[in-house]
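Each chain, letter by letter, is given below.
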Amino acid sequence: WLANCYMHLGRLEESLELNQKARDGCAKLYGPSSERTLQMIESMSTILVQLDRHAEAKSLLQTAIPVAVRNCRPNSDTLLLLRHVLAVAISGLPMGKSSRGGPPAGSLERRCADVREAE
């Protein structure tokens, strides 16, 4: 949760570091092919794209997606998000925001965005 708040506050390097630690912890606790570990990889990849480190994100995702294909349901959110971020990383375009102008009201992301706007 803290990593997500950092991400939405624009503190991307700190968010990436926390996500890397979370990924390592998930890999030790649940295994490197667990959905939780793959979710951490998706978060890390999203941050790498936001940092314009597309090549790093692409490399990370090209390793993770085959693992997700073997271990996740075909239409799982995790697999779909990994593929989405890979498409963005390949395109070199920045990650887009919701067409409604940001995260939904009441979500953690919206609360973090509200804190950022108040600063």
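About the thresholds
Residues numbered from 1 in each chain as written. Predicted model: local features only at pLDDT ≥ 70, side-chain atom pairs only at ≥ 80, totals over all residues. Heavy atoms only, no water. Helix = DSSP H or I, 4+ residues; strand = E, 2+ residues; numbered from the N terminus. Buried < 20%, exposed > 50% of the residue type's maximum accessible area, 1.4 Å probe, protein only. Contact = heavy atoms within 4.5 Å. Core = buried A, V, L, I, M, F, W, Y, C linked by side-chain atoms within 4.5 Å. pLDDT = per-residue confidence, 0-100. Salt bridge = Lys/Arg side-chain N within 4 Å of Asp/Glu carboxyl O.

1. Description of the overall build of the protein
Helix and strand content of the protein: 6 helices and 0 strands. The linear arrangement of helices and strands in the protein, starting from the amino end, is α-α-α-α-α-α. With 119 residues in all, the protein has 39% of them scored as buried. Of all intrachain contacts in the protein linking residues separated by at least 6 positions in sequence, the fraction that spans at least 24 positions is 57%.

2. Observations concerning the side chain of histidine 54
Here histidine 54 is to be found in helix H4 (residues 54-71). For histidine 54, a relative accessible area of 13% puts it in the buried group.

3. Regarding the environment of glutamine 39
Checked against the element boundaries, glutamine 39 lands in helix H3 (residues 35-50). By relative accessible area, which is 34% here, glutamine 39 ends up partly exposed. Each C-alpha atom, one on glutamine 39 and one on cysteine 26, is 9.6 Å from the other, the two residues being 13 residues apart in sequence.

4. Focus on the nonpolar core
Judged by nonpolar contacts, the single largest core of 23 residues is most densely connected at Leu38, Ile41, Val49, Leu61, Ile65, Ala68 and Leu82. If you list the elements that add at least two residues to this core, you get helix H2 (12-30), H3, H4 and helix H5 (77-91). The element best represented in this core is H4, accounting for 7 residues. Here leucine 82 is in contact with Leu38, Ile41, Glu42, Leu61, Ile65 and Ala68, once residues within four sequence places are set aside.

5. Description of the confidence of the model for the protein
Of all residues in the protein, 80% have pLDDT values of 70 or greater, and the mean over the chain is 84. Residue range residues 97-108 is modelled with pLDDT below 50. Its contacts to residues more than four positions away, or to other chains, number 7 contacts.

6. Brief notes about the environment of threonine 63
Structurally, threonine 63 is set in helix H4. You can call threonine 63 exposed: its relative accessible area is 56%. Here the alpha-carbon distance between threonine 63 and isoleucine 41, two residues 22 residues apart in the chain, equals 10.0 Å.

7. Focus on the pattern of salt bridges
Across all of its chains, the model carries 5 salt bridges by this definition. A salt bridge links glutamate 14 to arginine 11; its shortest N-O distance comes to 2.7 Å. By relative accessible area, which is 34% here, glutamate 14 ends up partly exposed. Taking the relative accessible area as the measure of exposure, arginine 11 reaches 36% and is therefore partly exposed. Of the charged contacts, one joins lysine 21 and glutamate 17 as a salt bridge, the two residues approaching to 3.5 Å between their closest N and O atoms. Of the two residues, lysine 21 and glutamate 17 both sit in helix H2, 4 residues apart, roughly one turn of that helix. Look at lysine 21 and you get exposed, because its relative accessible area is 53%. Residue class for glutamate 17 comes out partly exposed when judged on its relative accessible area of 43%.

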